[in-house]
Amino acid sequence: MGERPGPEVYSIAAHRGFADALVAGLVPRYREPDVGLARLTLLVPSSRAARTISEAFIRHAGQSGEAGLLMPRMVTVGDLDLDEALGALLDPLGAADIPPAVEPGRRWLELAALIDEERAVMGESPLPGVARLRLAQDMARTMDRLLVEAKEPEDLLGEPVRDLLGDLAVHWQASLRLFARVQARWRIRLDELGAVDAATRRNLLFERAARRWRDEPPATPIVAAGVTSAAPALARMLRTIADLPNGAVVLPDLDLAMDEAAWEELGRAGAAPEPGGEVFAHGDALTHPQYHLKLLLERMGIARAEVRPWHRRGMAAAEPERSRAISSLFLPPRASRAWIGLAPEQRRLSGVRLMTLATSEEEAQAVALLVREALEEPERRIAVVAADRALARRVVQHLARWNIAADDSAGRPLALTAAGRMFGLLAVLMSEGPAPLALIAAFAHPLVRADTPEMRAAWLGSLRRFDHRLRGKSPSPKLAALGSLAHRADEGEWWDEAARLVAPLFEPLESGDEARPLADMLDRLAEVAESLCGLRVWANEDGRALADMVERLRLDARACGTFLPPRDMAKVVRDCMDEIAVRPPYGGHPRISIYGLLEARMARADLVICAGLNEGTWPQPPAPDPLLAPGVLRALGVPGAEFRIGLAAHDLAGAMGAPQVVLSRAQRDSEGPTLPSRFWLRAEALLGEKLAERHRETRIPALLGRFDRAPEPVPPAARPEPRPTAEQRKVAISATSLDRLLGDPYQFYAKEILRLSRLDALSADPFDDPALRGTLVHAILEAWHGERAARPDLPLVPFAKARLEREAVHPLFRGLWQPRILEALAWFEQRIAQDSAEGREIVAWEAKGSMNLSGVEVRGRADRIDRMPDGTLAIIDYKTGTPPSAKQVEKGFALQMGVLGLIARDGEFTIGDRLIHGEASRFEYWSLGRDSGRGKDGTPAFGYVVQPMKTEGKRSGLLPENFLPHHEDRLAEAIGSYIRGNEPFRARENPDYPGYDEFDQLMRLEEWIVTLGPGKTGGAA
């Protein structure tokens, strides 16, 4: 072949469809008789791109009516940031003298050890295990970023960086110092291992290939297609390919129509104004979709004028006007002034629609509906591109409602798969001990005991009974404490097996905070996972990905001798799994594709839906380098974090080249209101107000209201007012339920007549549930009074402390609440001694009492009853929080104490074989809460006594002489109206009643409460 006039570099415009247009040009140019395209080597950026181009070859052959086609050899040369493996092309090129690449996992763990050593040398305290590993991960990414840009450790000591040091904040200086020291140590370690970083090896392979091809040009053609990484070594290799007699470089979406002034406005893009100057200026348009292509051309040493347009079109090509509109859409700021003079036909984005939904859930429904509608047209291909993976998963789920299977080619994090969730739960158990929530979640996982339906059913039956027994206060996170609860649930045999299976997880915890070998802990996790789930945990694509992760991490940890505190295992395992994307085994609908931004590159369809166009999602906010300040990166000649926004803009520009495009966003997501993407705003600004309205997609959002319509409108529920029979009304009234019966009769009806009770939360939080604290304190005081009957000098605080030690309470409860409880109990003991000295005598505690009034049993339990010096009784009720006020008692919201007084007067209390009765003259709440009247020095004081009557200067409440008569009247009213009468048990009879809410859902409160106007307390709504 003769000498060519210049490098062979082409650009495929956005409207042509990259993959199909590429194939349409490659086949006639490089196809040979008998061998087809087999002699062609095609360099592509990623494995996803190779798959996309392969599909384009198949479509081309089908459209041409060919039975088959020998395809070219495709080699992946992707950017390290894209997590793509280097193809097999470059290794055979006489590269045996290039050292092998170190394993990423080993580098991560070795860097963590070096960080620990260097921090110690710098006089800084050691980092916790998980923090150290995360810092090592950040350091590895920064090293790769510099290596991809061909920056050596010595560059950190160069003059441009030294000149900046004095202007850097202290934390940036410390971070730079640590990074430089660790990187230097790591280079020495690599020499010891005889290895190099993967990025270094890649650069060396690129240099070797470029040199070989320059010295001995290959006889077979080589084409680099769609490679846009501007890494210097790769750019030099691309230039070599462009200069080969049989070589070519094909770029995606390079804007050849942009005028020269706008092209210059993009910035330096790697071209320093003078030797040694900055190659990236402050004003560079890093966020522009053409910036990284300008940087690539600059590093290739090719002017934009040397790039030629690719004249072939793909099957899913749009009109040429689309590329001109996209070019105008993304003009840099000063060039955007040209919009003022654009004619309407130059503004119009023909075939592009803008769709705005209220919520992200509605957006997913609308996108799915668009896909379903497009499938009605034969052979039409649809692609959904979304940076938000949660949105993509919702679209897939909505499509499944119509039996349309769609594969999300971007995959999902391993931590969100079935196998990943199981492994993560076991890691949580290893870190936190046998906490009930995590333990029940692990035992209930769908993979556990799933060999046969019978085995699974038996296991779940025992688990549910154990779960029910666990409801209530948090037990101590120890297997022994949980085992006692399992035996109470008659599931001892099941528990013995279950505890044996998970016991290996908790052996590392016995060493406390002592670090253990990471490899050994991974062995235990894998052993327990397999014991519970069998081989199912390693099956399917998620199980295989998990097995590969565990095996690699285990081998690397053993080679590096990595130790880690068991408490950090859950976070470390989760961090590792979040880095791994599990992709589905392709087999969904052949005309539907769900892509992430990386997977969408080069792909083309007849309809492309770009979903989730909100700021923070597309584009995502640029994450600054955690170790090197932006100024340091600029001085080194490394593009800043905003560079990624430009790549996201390029992804959108490429997707907008399809024949039909829908840009979609939601006004709200799960976290609140959203802001439209800067790309969305530019599209609206280019179109202008009138044109933008013409481009709105309104038909599909309008259909959503009928999407899930109910057959018949459901009438709102009426205010319930059940009328049970006279026989059903024959129930007792307890002292604690009288105010409930009068204030909210429906609550009484549900509890006492229907016999319903609330199911406590699993491992209930004692800090949020006063009832749990009250139960514990009552049990302590009851036991103390009982022991004190035989040992009057028994001290309360040591006794309570010993009981708390024996109780299976959560450690946080013990740490936060025990000091308060003990201080209040110390004050209780002092007050009891003081009352005893004045002649009061404790005659009963936790005493049950009852009386009969109008044939109805009235019963109650008194926490304590004292005999006063005058022979009357004092009724005492213990409270762990704020007791009811005298005003609340007067309003009928707290009638317990008065009812207990009536029982003492007209009935009797029993304790053992003794009967207690008499006139009650004193009623007291003894609270363990904070006393504002004590602790004048600023320290909190706990424990006080208050009476629920109008005494001691109170302005409201019942007078002592009216206290019992008031309760007698309310009790007679309740019995006459509800127990012996025929009044309905109306919900919220008194809307001001501050009572219980456990039956609000049963009464469907939210459906009718709004219909009650002020003062409406009776009658149906």
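All of these numbers come straight from a predicted model, not from anything done at the bench.

Definitions and limits used
- Residues numbered from 1 in each chain as written.
- Predicted model: local features only at pLDDT ≥ 70, side-chain atom pairs only at ≥ 80, totals over all residues.
- Heavy atoms only, no water.
- Helix = DSSP H or I, 4+ residues; strand = E, 2+ residues; numbered from the N terminus.
- Buried < 20%, exposed > 50% of the residue type's maximum accessible area, 1.4 Å probe, protein only.
- Contact = heavy atoms within 4.5 Å.
- Areas by Shrake-Rupley, 256 points an atom, 1.4 Å probe, with all protein chains shown as cover.
- Core = buried A, V, L, I, M, F, W, Y, C linked by side-chain atoms within 4.5 Å.
- Phe/Tyr/Trp six-rings, centres within 6.5 Å; stacked < 30°, edge-to-face > 60°.
- Lys NZ or Arg CZ within 6 Å of the ring centre and 35° of its normal.
- Patch = residues over 30% accessible without salt bridge, like charges linked within 9 Å, V, L, I, M, F, W, Y side chains within 5 Å.
- Salt bridge = Lys/Arg side-chain N within 4 Å of Asp/Glu carboxyl O.
- Expected span 1.5 Å × (residues − 1).
- Bend = angle between axes of the 7 residues up to and from the residue.
- Polar contact = N/O pair within 3.5 Å; in protein donor to acceptor, adjacent residues only side chain to side chain.
- Pairing = 2+ DSSP bridges.
- Axes fitted to C-alpha atoms, helices over the stretch in contact; angles between N-to-C directions.
- Parallel < 35°, antiparallel > 145°, perpendicular 65-115°, else oblique.
- Nonpolar A, V, L, I, M, F, W, Y, C, P; charged D, E, K, R; others polar.
- Disulfide = S-S within 2.5 Å.
- pLDDT = per-residue confidence, 0-100.

### Points about the overall build of the protein
- Within the protein, the regular secondary structure consists of 36 helices and 24 strands.
- With respect to the three principal axes, the spread of C-alpha positions in the protein is 125 × 70 × 60 Å.
- The proportion of buried residues among the 1021 residues of the protein is 53%.
- Sequence-distant contacts in the protein: of pairs separated by 6 or more residues, those separated by 24 or more amount to 78%.
- Of the accessible surface of the protein, which amounts to about 46,300 Å², a share of 51% is contributed by carbon and sulfur atoms.

### Here we look at the nonpolar core
- With 93 residues, the main nonpolar core has L426, F443, L525, L532 and L546 as its most contacted residues.
- Of the residues forming this core, the biggest block, ten residues, is contributed by helix 20 (residues 518-533).
- Discounting residues that sit within four places of it in the chain, L532 has contacts with M422, L426, F443, L447, V448, R449, W459, L501 and V502.
- With 86 residues, the next largest nonpolar core counts L286, W339, A658 and F679 among its residues.

### A look at the environment of R389
- Positionally, R389 belongs in helix 14 (residues 389-400).
- Linking R389 and D408, residues 19 residues apart in sequence, is a C-alpha distance of 8.7 Å.
- Excluding residues within four positions of it along the chain, R389 makes contact with D408, A410, G411, I594, Y595 and G596.

### Points about the packing of aromatic side chains
- In total, this model carries 19 aromatic pairs according to the counting rule given.
- On the numbers, 6.3 Å between centres and 50° between planes, the contact of W494 with W495 is tilted. The pair formed by W494 and W495 is uniform in burial state, with each residue classed as buried.
- Relative to F985, the ring of F748 lies with its centre 6.3 Å away and its plane at 5°, an arrangement referred to as stacked. With F748 in helix 29 (residues 745-753) and F985 in the loop between helix 35 (960-979) and helix 36 (1005-1008), this residue pair connects regions lying 237 residues apart in the sequence.
- By relative accessible area, which is 0% here, F748 ends up buried.
- Ring pairs connect the aromatic residues F443, W459, F466, W494 and W495, which therefore count as one cluster.
- Its end group placed over the ring of W926, R864 keeps NZ or CZ at 4.3 Å from the ring centre.

### Description of a nonpolar patch on the surface
- Residues L754, L756 and L1002 make up a contiguous nonpolar surface patch of about 220 Å² in total accessible area.
- Mapping L1002 onto the fold places it in the loop between helix 35 and helix 36.

### Some words on the pattern of salt bridges
- All chains considered together, the criterion is met by 66 salt bridges.
- The salt bridge involving D197 is made with R107; its shortest N-O contact spans 3.2 Å. Placement of the pair is D197 in the loop between helix 6 (170-193) and helix 7 (198-215) and R107 in helix 3 (residues 104-121), with a sequence separation of 90 residues. Residues D197 and R107 agree in their burial class; the two are buried.
- Among the salt bridges present, the one from D866 reaches R864, with a minimum N-O distance of 2.8 Å. Pair check on accessibility: D866 and R864 agree, each one buried.

### Things to note about helix 26 (residues 678-694)
- End to end, helix 26 covers just 20 Å across 17 residues, shorter than the expected 24 Å (1.5 Å per residue, more than 12% under).
- Remark: the principal bend of helix 26, roughly 110°, maps to G688.
- Those residues of helix 26 that sit buried are F679, W680, A683, L686, L687, L691 and A692.
- With a side-chain oxygen lying 3.1 Å from the backbone nitrogen of F679, the N-terminal cap of helix 26 falls on S677.

### Quick notes on the sheet that holds strand 6 (residues 308-309)
- Here we have six strands laid out as an open sheet, ordered 3-2-4-5-1-6, and parallel in their pairing. On the outer flanks of this sheet lie strand 3 (73-76) and strand 6, each paired with one strand and no other.
- Each of strand 2 (41-44) and strand 3 is contacted by helix 2 (residues 47-64), which is oriented at about 130° to strand 2, the strand it contacts most.

### Some words on the packing of helix 10 (residues 291-300) against helix 25 (residues 643-655)
- One way to put it is that helix 10 packs onto helix 25 with a least axis distance of 8 Å and a crossing angle of 105°. Of the possible angle classes, the one that applies to helix 10 and helix 25 is roughly perpendicular. On the side of helix 10, the interface is formed by Y291, H292, L293 and L295, while helix 25 contributes F643, L647 and H650.
- Looking at side-chain class alone, the contact of helix 10 with helix 25 contains five nonpolar, two polar and no charged residues.

### Re the environment of F643
- Structurally, the position occupied by F643 is in helix 25.
- Accessibility expressed as a relative area gives 15% for F643, which makes it buried.
- Spatially, the C-alpha atoms of F643 and R791 are 79 Å apart, while their sequence positions differ by 148 residues.

### Section: the side chain of N203
- Following the sequence through the fold, N203 ends up in helix 7.
- Apart from residues no more than four positions distant in its own chain, N203 is found in contact with L147, V148 and A233.

### Some details on helix 6
- A rise of 1.5 Å per residue sets the reference length of helix 6, with its 24 residues, at 34 Å; its end C-alpha atoms lie 35 Å apart and thus fit the reference within 8%.
- Residues of helix 6 that are buried include every one of W172, S175, L176, L178, F179, V182, Q183, W186 and L190, and no others.
- Contacts made by the buried residues of helix 6 are with helix 3, helix 4 (129-148), helix 5 (159-165) and helix 24 (630-636).
- Positive phi shows up at G194, right after helix 6, with a value of about 65°.

### Brief notes about the state of the cysteines
- Scanning the model with the defined rule gives zero disulfides in all.
- Looking at C533, it has no disulfide partner, and the nearest cysteine sulfur is the one in C576, 20 Å off.
- Of the residues examined, C533 reaches a relative accessible area of 3% and is grouped as buried.

### Quick word on unusual backbone geometry
- A cis geometry characterises the amide bond from W618 onward to P619, with omega recorded as 5°.
- The phi dihedral of A150 is positive, around 60°, even though this residue is not glycine.
- Structurally, A150 is set in the loop between helix 4 and helix 5.
- At R755, a residue that is not glycine, the phi angle is positive and equals roughly 60°.
- As for its placement among the helices and strands, R755 is situated in the loop between helix 29 and helix 30 (770-790).

### Here we look at the confidence of the model for the protein
- Predicted confidence across the protein gives a mean pLDDT of 87, with 93% of residues reaching 70 or more.
- Contacts for the low-pLDDT stretch residues 79-89, under 50 throughout, to residues beyond four places or in other chains number 33 contacts.
- The low-confidence segment residues 1015-1021 (pLDDT under 50) makes 18 contacts with residues lying over four places distant or belonging to another chain.

### A short note on the pairing of strand 4 (residues 222-225)
- Both faces of strand 4 are covered, namely the face carrying I222 and A224 and the face carrying V223 and A225.
- Of the pairings in the sheet, the one linking strand 2 to strand 4 comprises three bridges and is parallel in character. The partner of T41 across the bridge, within strand 4, is I222.
- Bridge count between strand 4 and strand 5 (residues 247-252): four bridges; the pairing is parallel.

### Quick look at the side chain of E846
- Along the polypeptide, E846 turns up in strand 18 (residues 841-853).
- A relative accessible area of 12% places E846 in the buried class.
- Among all residues touching E846, those that are not within four sequence positions of it are H778, E782, R861, A862 and D863.

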